[in-house]
Amino acid sequence: MERVNVVIVGAGVVGCATALALAHHHSDVFVVEQLPRPGMLTSTRNSGVIHSGVYYPTGSLKARHCVRGNRLLYEFCAAHGVPHRRTGKVIVASDASETAELDALRRLGEANGVEGLRILDRAALKQREPHVQGVAALEIDSTGIVSSEELVKTLARLAVQHGAHLLLHTRVTRLEPAGTAVRVWMRTGEDSAATEEEVVETRCLVNSAGLFADEVAALLGNTRWRIYPVRGEYCELARSKAHLIAGLVYPLPHPEGLSLGVHFTRTLHGTVLVGPTARYIEDKNDYERDREPVEEFARRAKLLVPEIEPNDLTPAYSGIRPKLVPPGPKPAGKGFADFVIAPDPQFPQVIHLMGIESPGLTAAPSIAEQVREMVAAVLG
Ligand SMILES: Cc1cc2nc3c(=O)[nH]c(=O)nc-3n(C[C@H](O)[C@H](O)[C@H](O)COP(=O)(O)OP(=O)(O)OC[C@H]3O[C@@H](n4cnc5c(N)ncnc54)[C@H](O)[C@@H]3O)c2cc1C
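Residues numbered from 1 in each chain as written. Predicted model: local features only at pLDDT ≥ 70, side-chain atom pairs only at ≥ 80, totals over all residues.

What about the packing of helix α1 (residues 13-23) against helix α5 (residues 148-161)?
Rules: Between N-to-C directions, angles span 0 to 180 degrees; the directions come from axes that are lines fitted to C-alpha atoms, helices contributing only their stretch in contact. Strands are runs of DSSP state E lasting at least 2 residues, helices are runs of H or I lasting at least 4, and numbering of each runs from the N terminus. Note on terminology: angles under 35 degrees are roughly parallel, angles over 145 are roughly antiparallel, angles of 65 to 115 are roughly perpendicular, and the others are oblique. Crossing handedness is read from the near helix: turned anticlockwise from the far helix by less than a right angle, it gives a left-handed crossing, and turned clockwise, a right-handed one. Working definition of a contact: two residues with C-beta atoms, positioned from the backbone, lying within 7 Å. Any residue that is not Ala, Val, Leu, Ile, Met, Phe, Trp, Tyr, Cys, Pro, Asp, Glu, Lys or Arg is counted as polar, Gly included; the first ten are nonpolar and the last four charged.
Relative to each other, α1 and α5 sit at 30 degrees, their axes nearing to 8 Å. One element, α1, and the other, α5, form an angle in the roughly parallel class. In the packing of α1 onto α5, the handedness of the crossing is left-handed. Of the residues in α5, those in contact with V13, C16, A17, A19, L20 and A23 of α1 are S148, L151, V152, L155, A156, L158 and A159. Of the residues belonging to the contact of α1 with α5, the class tally is twelve nonpolar, one polar and no charged.

Topic: the domain arrangement of the chain
Stated formally: Residue ranges assigned to each domain were obtained from an automatic or database domain assignment.
Its domain assignment divides the chain into domain 1 (2-45 + 150-227 + 336-379) and domain 2 (86-143 + 237-323). Each of domain 1 and domain 2 was reduced to a C-alpha centroid, and the two centroids are 32 Å apart. Listed per partner, the contact involves twelve residues of domain 1 and ten residues of domain 2. Along the lines of polarity and charge, the residues of the side of domain 1 that touches domain 2 split into six nonpolar, four polar and two charged.

Some points on the pairing of strand β15 (residues 263-266)
Successive side chains on a regular strand alternate, one facing one side of the sheet and the next facing the other. Applicable threshold: As a rule, residues whose C-beta atom has 12 or fewer other C-beta atoms within 10 Å are exposed, those with 20 or more are buried, and those in between are partly exposed; C-beta atoms are placed from the backbone. Note on pairing: two strands pair once DSSP finds at least 2 bridges between them.
Residues of β15 alternate between two faces, with H263 and T265 on one and F264 and R266 on the opposite face, all of them buried. Two strands pair when backbone bridges link them, and β15 and strand β16 (residues 272-275) are joined in this way by four bridges, in the antiparallel orientation. Of the residues in β16, the one forming a bridge with F264 is V274. In this antiparallel pair of consecutive strands, β15 and β16, the connection spans five residues, and G270 shows a positive phi of 90 degrees.

Focus: the packing of α1 against helix α8 (residues 360-379)
Direction vectors running N to C along α1 and α8 enclose 45 degrees, while the axes themselves pass 8 Å from each other. As the angle between them shows, α1 and α8 are arranged oblique. Crossing of α1 against α8: the hand is right-handed. Contact with α1, carried on its side by V13, V14, A17, T18, L20, A21 and L22, involves G360, L361, A364, P365, I367, A368, E369, V371, R372 and V375 of α8 and no other residues of that element.

Remarks on the site of the ligand
Here is the rule we go by: We call a residue near a molecule or strand when the C-beta position, derived from backbone atoms, sits within 6 Å of it.
If you check the shell around the ligand, you find 42 residues, and the closest are G10, G12, G210, G232 and G360. Counting only elements with at least two residues in the shell around the ligand, the list comes to α1, β10 (170-178), β18 (313-323) and α8. Taken together, the residues of the shell around the ligand sort by class into 19 nonpolar, 18 polar and five charged. Of the domains in this structure, domain 1 (2-45 + 150-227 + 336-379) and domain 2 (86-143 + 237-323) are the two that each give at least three residues to the shell around the ligand.

With respect to α1
In an α-helix there are 3.6 residues to a turn, and that puts residues three or four apart on one side. Summarising burial for α1: eleven of the eleven residues are buried, a large majority. For α1, the elements touching its buried residues are β1 (2-9), β2 (29-32), α5, β12 (196-207), β20 (350-354) and α8.

Below, the structure is given as structure tokens:
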């Protein structure tokens, strides 16, 4: 049986960034991806925003990796020609009752090490976003946008150039601890006729399977985590109305911590996305069933931009968040769950990445650094 150093399950943005970080230091790094291309799930079904780190409790992994990831991501995109733009963003208080929350976000951001935060009054907001209705806003300089497709593609290409092996169309189906190693069963091929099964033994396994990371952990008998899929849907604003939004415009985040709220993102192509919504669903593969009507998007969009009407909106793609928090009512602020980046309690040669929801795209290069150190400790 072939023996390798590292197997990473999942070639999303986190798996690819991790593969690149590891390929600089170790030989025999394998990334196993069930789909035909890297990053086909959550990693390219998102807002493509390079977040700053204002939303997360100080000291949390989300705060730490977002703030560091923000800087690393800009550097990476500039060095490797990944399309991106530092746009800045505003979080808008719709009425006076929301201004205290804006100030709390500014203080939280500063405590997290985010620079370039400013409170704008109504006039300054009007100057920046003439069509947005609000009494004040928090302006954030370090937010931007990135092409998530190009980012994942570039990370995967560089990882392979540095010696990592990318196995596409290959699903990890079974795991079995073998002393200090792990046996990994992989099935390659789309249809059963073409299916081939292979087993390798790896000294270290990184579970970066996104929405399915709980199922991968369960292959080792670890049922400690459960991932609850929360779908986020987008609409696209008609080209004729795209001028209503200059940059990135957000409401205050969802009080239960479910999402950042339905926001406006001016994309690198000049189109404007409205969304994502946030709704718990049953099926991790269900991107389309029972989508929210455009009237509901328009209702929320109008709170910030009254000129938007339902017929200005066309349903666009959706993405699914891998939440660690179950559905059901929560007291304000209790909906937060941090990223889990931890060795398996029973098998320290296995590192689990669990609940890597937003800001996972931004955080990926920084998460990869942490995983690289954890892998080095396993390999010795
Ligand atoms: C609606 C939405 C908006 C978002 N907006 C932003 C944003 O603007 N900015 C930001 O920073 N973050 C954002 N995020 C979060 C970000 O997209 C994710 O945190 C990030 O993409 C997670 O990447 P990942 O590699 O962990 O997971 P994934 O992209 O899900 O990759 C996991 C991979 O594992 C593979 N896999 C699973 N099981 C197996 C198996 N058994 N064998 C082989 N392969 C397997 C899957 O096919 C998949 O390709 C958003 C997320 C959503 C849903």
